[in-house]
Amino acid sequence: MEYRRMEKLGIDTSLLGFGCMRFPTNADGSINEEEALAMIDRAYQAGVTYFDTAYPYHGGKSEGVTGKALSRYSRDSYYLATKLPVWMVETASDVERIFGEQLDRLQKEYVDFYLLHALGRERWKYVKEHGLMEACEKLRADGKIKYLGFSFHDNYEAFEEILTSYQWDFCQIQLNYMDRDTQATLKGVALAEKLGIPMVVMEPVKGGSLAKLPSDGIDELFKKTRPEASTSSWALRYAAGFDNVKVVLSGMSTMEQVEDNLSTFSDYEPLSDAERDIIDRVADLLRARVQNGCTGCRYCMPCPAGVDIPRCFSIWNQYHIYENVNEARWNWTKTMDAAQKASNCIKCGKCEQVCPQHIAIREDLARLQAELDAVTQ
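Residues numbered from 1 in each chain as written. Predicted model: local features only at pLDDT ≥ 70, side-chain atom pairs only at ≥ 80, totals over all residues. Heavy atoms only, no water.

### Thoughts on helix α3 (residues 62-70)
Phase 1: Among the nine residues in α3, seven count as buried, and that is most of the element.
Phase 2: Every buried residue of α3 is listed here: Ser62, Glu63, Val65, Thr66, Gly67, Ala69 and Leu70.
Phase 3: Where the residues of α3 are buried, they touch α1 (33-45), β4 (50-52), α2 (57-60), β5 (79-84) and α4 (92-106). (Buried < 20%, exposed > 50% of the residue type's maximum accessible area, 1.4 Å probe, protein only. Helix = DSSP H or I, 4+ residues; strand = E, 2+ residues; numbered from the N terminus. Contact = heavy atoms within 4.5 Å.)

Encoded structure:
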């Protein structure tokens, strides 16, 4: 197993981290505990020392299963990470209450890595206004938290503000070869390294979208170079290719995924320059599948009919890039209110008059509604 040194903290962690947000499940949606424990056993025995869970994962059940699995091992032989659900905290006293519940679930006396979950600019403002950092600091002073950090979902400007506003022990960002210029971006990776703040990477395979590429042969570029390597291993090696990335999290759902990831990191090889060029070519081919040039500028908003035009286009374009049916189904049916969907377009044309990309918005809205409805039926 490949290990990396977190110089700021004086510890070594396995480069592969076990993400406990996608455990195998039973028909009723509950965690298949027997399989989950077997997967954690296999990872631990192969040298994985970093295990990441969170309060809301699997409807609040992930922490319990993770804690049960790890209770069979010496407490000083692994690092346990979990997260404070900031959106559920109304007062500083809620921090201690929720954290106490987490320790009970985990069956532990302390947590190694504690993260403020999914920070962005607005949540960071909320954290400061409600004294949540002081509450977390008290838990650390009491020996219940070793290292304090945050996970992040916003833009670079927000990341820079948060990262430079506190003496963080570590941070966690989404990073993969398709998200180099979104969220924290590669500028964020460089900033964390400059400040000496070790980085944990989540979504290196973009929720599975980079594990199985579209069916038009794009991944043949990978297969020609490494015939035996999985498509996801390329994405994992990309994320691991930055010196300040100390842990690459993978949310594993099957033993097959565990074995594949162990193979990648037990005999880890950094990407060569030629392989980086191949990844760049794959990324370009994937981006070329975008259906229109919507940049999300929102000049077309608000729509008189209530349609969330940029969001509709984003879901549509993401589906065409990755052909990830499950993700498209979730986004179209779970994250979009019916009143915001393209079917509500009244074809007034006001959006097209102000669109700087000159997109045929009315025509595209009709197309995407039909396509996404067909996918999600």
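### Considering the nonpolar core
Phase 1: By size, the foremost hydrophobic cluster in this structure holds 91 residues, and its most contacted members are Phe18, Leu116, Phe150, Trp168, Tyr177 and Leu286.
Phase 2: Ignoring anything within four residues of it in the chain, the contact list for Trp168 reads Lys8, Leu116, Trp124, Met133, Leu148, Gly149, Phe150, Ile162, Leu163 and Ile197. (Core = buried A, V, L, I, M, F, W, Y, C linked by side-chain atoms within 4.5 Å.)

### Structural notes on unusual backbone geometry
Phase 1: A cis geometry characterises the amide bond from Met301 onward to Pro302, with omega recorded as 0°.
Phase 2: If you check the backbone angles, Lys206 has positive phi at about 50° while not being a glycine.
Phase 3: Within the element layout of this structure, Lys206 appears in the loop between β9 (199-202) and α9 (220-225).
Phase 4: For Glu323, which is not glycine, the phi dihedral falls at a positive 55°.
Phase 5: Its location among the elements puts Glu323 in the loop between α13 (309-322) and α14 (325-334).
Phase 6: Here Glu323 falls in the partly exposed class, since its relative accessible area comes to 33%.

### Re α1
Phase 1: Under the 1.5 Å per step criterion, the end-to-end length of α1 is 18 Å for 13 residues, consistent within 8% with the ideal 18 Å.
Phase 2: Among all positions in α1, only Ala36, Leu37, Met39, Ile40, Asp41 and Ala43 are buried.
Phase 3: Remark: Gly47 follows α1 within two positions and exhibits a positive phi of approximately 110°. (Expected span 1.5 Å × (residues − 1).)

### What to know about the environment of Thr376
Phase 1: By the secondary structure assignment, Thr376 is in helix α16 (residues 361-376).
Phase 2: Counting along the chain gives 343 residues from Thr376 to Glu33, while the straight-line C-alpha distance between them is 29 Å.
Phase 3: In contact with Thr376, other than residues within four places in its own chain, are Ala328, Arg329, Trp332 and Thr333.

### A word on the sheet that holds β9
Phase 1: Spatially, the eight strands close up into a barrel ordered β3-β4-β5-β6-β7-β8-β9-β10, and their pairing is parallel. Pairwise comparison of adjacent strand axes, ignoring direction, gives a mean angle of 25° for this sheet.
Phase 2: By the bridge criterion, four bridges tie β5 to strand β6 (residues 111-119) in an arrangement that is parallel. Note on β6: the bridge partner recorded for Lys83 is Leu115.
Phase 3: Contacting β3 (16-19) and β10 (245-251), helix α11 (residues 255-266) runs over the sheet at an angle of about 160° to β3. (Pairing = 2+ DSSP bridges. Axes fitted to C-alpha atoms, helices over the stretch in contact; angles between N-to-C directions.)

### Digging into the pattern of salt bridges
Note on pairing: side chains with opposite charge can pair once their charged atoms come close.
Phase 1: A full pass over the atoms with the stated rule returns 26 salt bridges.
Phase 2: A salt bridge links Arg226 to Glu269, with the shortest nitrogen-to-oxygen separation between them at 3.0 Å. Of this pair, Arg226 sits in the loop between α9 and α10 (231-239) while Glu269 sits in the loop between α11 and α12 (273-287), and the two are 43 residues apart along the sequence.
Phase 3: For Glu269, a relative accessible area of 37% gives the class partly exposed.
Phase 4: A salt bridge links Glu275 to Arg237; the shortest N-O distance between them is 2.8 Å. A residue pair is termed long-range when its members are at least 10 positions apart, and Glu275 in helix α12 and Arg237 in helix α10 qualify at 38 residues. Side by side, Glu275 and Arg237 carry an identical accessibility label, which is buried. (Salt bridge = Lys/Arg side-chain N within 4 Å of Asp/Glu carboxyl O.)

### Description of the packing of α10 against α11
Phase 1: Two numbers describe how α10 lies on α11: the axes approach to 10 Å, and their chain directions differ by 45°. Between α10 and α11, the angle is such that the two are oblique. Read as a crossing pair, α10 and α11 show a hand that is right-handed. Residue-level inspection shows Ser232, Ser233, Leu236 and Arg237 of α10 in contact with α11, the latter providing Asp260, Asn261, Thr264 and Phe265.
Phase 2: Taken together, the residues of the contact of α10 with α11 sort by class into two nonpolar, four polar and two charged. (Parallel < 35°, antiparallel > 145°, perpendicular 65-115°, else oblique. Left-handed = near helix turned anticlockwise from the far one by under 90°. Nonpolar A, V, L, I, M, F, W, Y, C, P; charged D, E, K, R; others polar.)

### Overview of the pairing of β10
Phase 1: Among the seven residues that make up β10, six are buried, leaving the element largely enclosed by the rest of the structure.
Phase 2: With four bridges joining them, β3 and β10 adopt parallel strand pairing. Pairing of Gly17 across the sheet is with Leu249, part of β10.
Phase 3: One ladder, built from three bridges, connects β9 with β10; its direction is parallel. What sits directly across from Val201, in β10, is Val248.

### Description of the side chain of Gln102
Phase 1: Looking at the secondary structure, you find Gln102 in helix α4.
Phase 2: Reaching out from Gln102, the side chain makes a polar contact with the side chain of Tyr114 at a distance of 2.6 Å.
Phase 3: Discounting residues that sit within four places of it in the chain, Gln102 has contacts with Tyr55, Glu63, Thr82, Lys83 and Tyr114. (Polar contact = N/O pair within 3.5 Å; in protein donor to acceptor, adjacent residues only side chain to side chain.)

### Considering the packing of aromatic side chains
Phase 1: What the rule picks out here adds up to 20 aromatic pairs.
Phase 2: Considering the side-chain rings of Phe113 and Tyr147, the 5.0 Å spacing of their centres and the 50° angle between planes classify their relative orientation as tilted. Taken together, the positions of Phe113 in strand β6 and Tyr147 in strand β7 (residues 145-152) put the pair 34 residues apart, joining distant regions of the chain. This pair shows no difference in class: Phe113 is buried, exactly as Tyr147 is.
Phase 3: Its end group placed over the ring of Tyr110, Arg75 keeps NZ or CZ at 4.1 Å from the ring centre.
Phase 4: The ring of Trp234 is capped by Arg237, whose NZ or CZ atom sits 5.7 Å from the centre of that ring. (Phe/Tyr/Trp six-rings, centres within 6.5 Å; stacked < 30°, edge-to-face > 60°. Lys NZ or Arg CZ within 6 Å of the ring centre and 35° of its normal.)

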